[in-house]
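Listed here are the chains, written in short residue letters.
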Amino acid sequence: MADYRFALERGGVKHLCPACQQVRLVRYVDSFTGEPVADDVGRCDREDSCGYHLTPSEYFHLSGNNPFDAPKPARKPQNEPEPVQPSFIDTKIMQACMTRYSENNFCRWLCLVFGEDRALELTAAYQVGTSKHWPGSSVFWQIDRDAKIRGGKIMLYNSDTGRRVKEPFNHIQWVHKVMKIEPYHLQQCLFGEHLLTEDQQKPVAIVESEKTAIVASGFIPEYVWLATAGKNNLSKDKLRVLRGRKVTLFPDLMAHDKWREFAKGVSAVTVSDILERRASEEDRAKGLDLADYLLRENGRAE
Ligand SMILES: [Zn+2]
């Protein structure tokens, strides 16, 4: 019991060591009260050169007062770590980006695939914006089901191929970083989550990238297409907003095993193996995703 109740103080606070007179003593504290046992009850962290160590039980033995004879003091309320609340971006900031689509490489490419009218419809539905951060770059806003903006991911695409620009560096940045909004607690939601409020009956499909969600939505509007916005962003926590809906995961070839493993533990979630079934060796090597596949099937590949 004594072992559990008294422990060396955490947090790196040091006190004067009675043996070597240096401020290197870590004291024992009472976990019930948070108080130190006594000024000299602790361990000097100069283990080799000093070695002072007086334990609570030695101290109680020497001093003749046993804390266990006294009634237990009230336990100090434990400081539960406060759940970190997500930060949000002001709607005005987002609105200011919903312009200049002729300079937006991703939207220009989307026009090549779907024609201007449909491309602009998709852009508006997913609230894709234009960023000045890099010429031609786009903002993919993550808007949650309560219409709060969790963040904006800026990415640069090639306007001819619809591929992300990764040279000479990977062009990804966040709006809150560019605008130096601090502190900012980025808590991502699913990309496209705001679309869930429109049709409660529509089945949901989840892919990895924002681009794939938008492209798939253009070709297969029977689903609400959402994106995890990253390979490792699939979590039960994120799927909570989908409770009561039919959900199908469409993993990229590279992530197939991982997502299938994840889906085993989640009810009402199935995994599509359409890519697995159709993929050639070459596709596998390239890590084909559903957008590549749909573009090819519809004769829109580069
Ligand atoms: Zn010492």
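Residues numbered from 1 in each chain as written. Predicted model: local features only at pLDDT ≥ 70, side-chain atom pairs only at ≥ 80, totals over all residues. Heavy atoms only, no water.

Peer 1: Which residues make up the coordination of the zinc ion, and what values do they have?
Peer 2: The coordination sphere of the zinc ion, as far as protein atoms go, consists of Cys-17 (SG), Cys-20 (SG), Cys-44 (SG) and Cys-50 (SG), spread over 2.3 to 2.4 Å. Each donor residue of the zinc ion lies on the same chain, and together they follow the pattern C-x2-C-x23-C-x5-C. With a gap of 24 residues between them, Cys-20 in the loop between β2 (15-16) and β3 (23-30) and Cys-44 in strand β4 (residues 42-44) connect regions that are remote in the sequence. Exposure remark for Cys-44: the relative accessible area of 1% places this residue in the buried category. (Donors = N, O, S within 2.8 Å, 3.2 Å for Na, K, Ca; no water. Helix = DSSP H or I, 4+ residues; strand = E, 2+ residues; numbered from the N terminus. Buried < 20%, exposed > 50% of the residue type's maximum accessible area, 1.4 Å probe, protein only.)

Peer 1: Give me the lowdown on the sheet that holds strand β11 (residues 247-249), citing residues and values where you can.
Peer 2: The sheet built from four strands is open, its strands ordered β10-β9-β11-β12 with parallel pairing. Of all strands in the sheet, those with a lone pairing partner are β10 (224-227) and β12 (269-271), marking the two edges. Sheet twist, expressed as the mean angle between neighbouring strand axes with direction ignored, is 25 degrees. The pairing of β11 with β12 spans three bridges and is parallel. If you follow Thr-248 over to β12, its bridge partner there is Thr-270. Contacting β9 (204-207), β11 and β12, helix α9 (residues 256-264) runs over the sheet at an angle of about 155 degrees to β12. (Pairing = 2+ DSSP bridges. Axes fitted to C-alpha atoms, helices over the stretch in contact; angles between N-to-C directions. Contact = heavy atoms within 4.5 Å.)

Peer 1: Hey, could you go over the domain arrangement of the chain for me, with residue numbers and the actual values?
Peer 2: On domain assignment, one finds that the chain holds domain 1 (2-63), domain 2 (83-189) and domain 3 (194-302). Summarising the inter-unit geometry, the C-alpha centres of domain 1 and domain 3 are found 56 Å apart. (Domains from an automatic or database assignment.)

Peer 1: Give a detailed account of the pattern of salt bridges, specifying residues and quantitative values.
Peer 2: Tallied over the entire structure, the rule returns 15 salt bridges. Taking the shortest distance from any N to any O, the salt bridge between Arg-163 and Asp-292 comes out at 3.3 Å. Of this pair, Arg-163 sits in the loop between β7 (149-155) and β8 (172-174) while Asp-292 sits in helix α12 (residues 290-297), and the two are 129 residues apart along the sequence. On the accessibility criterion, Arg-163 (40% relative accessible area) is partly exposed. The shortest N-O distance in the salt bridge between Asp-283 and Arg-296 comes to 2.9 Å. Residue Asp-283 is found in helix α11 (residues 281-286), and its partner Arg-296 is found in helix α12; the two are separated by 13 residues along the sequence. On the accessibility criterion, Asp-283 (6% relative accessible area) is buried. Here the salt bridges share partners, and the residues they tie into one network are Lys-14, Arg-24 and Asp-45. (Salt bridge = Lys/Arg side-chain N within 4 Å of Asp/Glu carboxyl O.)

Peer 1: Before we move on, could you go through empty space enclosed by the protein and cite the residues and values that matter?
Peer 2: Throughout the structure, instances matching the rule amount to one cavity of 30 Å³ or more. Put simply, the largest cavity is a space of about 30 Å³. Considering the residues around the largest cavity, the lining is formed by Phe-250, Pro-251, His-256, Ser-272, Ile-274, Leu-275, Glu-276 and Leu-290. With three residues, the top contributor of residues to the lining of the largest cavity is helix α10 (residues 274-278). (1 Å grid on protein atoms, 1.4 Å probe; cavity = no way out; pocket = protein on both sides within 12 Å on 5 of 7 lines; lining within 4 Å. Points joined across faces, edges and corners; volume = space filled by probe spheres on them.)

Peer 1: A description of the nonpolar core should follow, citing residues and the corresponding values.
Peer 2: Counting residues in each nonpolar core, the largest one holds 53 residues, and the members touching the most others are Leu-110, Ile-206, Ile-214, Trp-225, Leu-242 and Leu-249. For this core, the element with the most residues is helix α4 (residues 105-114), which contributes six residues. One finds Cys-97, Ile-143, Leu-156 and Tyr-184 within the second-largest nonpolar core, a separate group that totals 13 residues. (Core = buried A, V, L, I, M, F, W, Y, C linked by side-chain atoms within 4.5 Å.)

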